[in-house]
Amino acid sequence: MGLRRSITELFGRLANLDVSPGFTSVAPVVGNSPKGSVTGATYPTSLVRPDKHGFEPRIGISWRPIPASTLVVNAGYGIYDDTSVYVSAAESMAEQAPFATSVSEANSSACKLTLASGFAQCSGAAADTFAIDPNLRVGYAQNWN
């Protein structure tokens, strides 16, 4: 079996968004206090529930058609989960508010951004720009040879 746990941070410095049904409101939820203020849901400290239902069978055979010969026929098949998505998601959750200052804004007449004031946070700007579904199910690949 492959990795079945999501990645955590030692001090709980991960941030995700707690999203209400219908996306009518959102609020940050952090790994060191993983209870959503919008939905009231309790999350694991990784903020993503582990996918424990994956099935990763592997089978292989080897056949020597001529005894005492070096000729060997091998075959194999396996299913592998792609758990690498957990790494990039954890990195993105660690690099946003309240543990880092990150702002995503566009220049407009209401909020003029210049080289001198390029990091000014205008009203209505979202501080958290990354969120992941807490019930994420990882993809898988089939391999045969």
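Residues numbered from 1 in each chain as written. Predicted model: local features only at pLDDT ≥ 70, side-chain atom pairs only at ≥ 80, totals over all residues. Heavy atoms only, no water.

(A) Fine view of the overall build of the chain. Secondary structure assignment for the chain yields one helix and five strands. Sequence-ordered secondary structure for the chain, helices as α and strands as β, is β-β-β-β-α-β. By the burial criterion, 26% of the 145 residues in the chain qualify as buried. In the chain, the proportion of contacts linking residues at least 24 apart, taken out of those at least 6 apart, comes to 56%. (Helix = DSSP H or I, 4+ residues; strand = E, 2+ residues; numbered from the N terminus. Buried < 20%, exposed > 50% of the residue type's maximum accessible area, 1.4 Å probe, protein only. Contact = heavy atoms within 4.5 Å.)

(B) Focus on the side chain of Q96. With respect to the helices, strands and loops of the structure, Q96 is situated in the loop between α1 (85-94) and β5 (140-144). Owing to a relative accessible area of 1%, Q96 belongs among the buried residues under this scheme. A distance of 2.6 Å separates the side chain of Q96 from the backbone oxygen of A15, its partner in a polar contact. (Polar contact = N/O pair within 3.5 Å; in protein donor to acceptor, adjacent residues only side chain to side chain.)

(C) The sheet that holds strand β4 (residues 73-81), seen in detail. Taken in spatial order, the three strands of this open sheet run β3-β4-β5, and their pairing is antiparallel. On the outer flanks of this sheet lie β3 (58-63) and β5, each paired with one strand and no other. Recorded for the sheet is a direction-independent mean angle of 5° between the axes of neighbouring strands. With six bridges joining them, β3 and β4 adopt antiparallel strand pairing. Bridge assignment links W63 to a residue of β4, and that residue is V73. (Pairing = 2+ DSSP bridges. Axes fitted to C-alpha atoms, helices over the stretch in contact; angles between N-to-C directions.)

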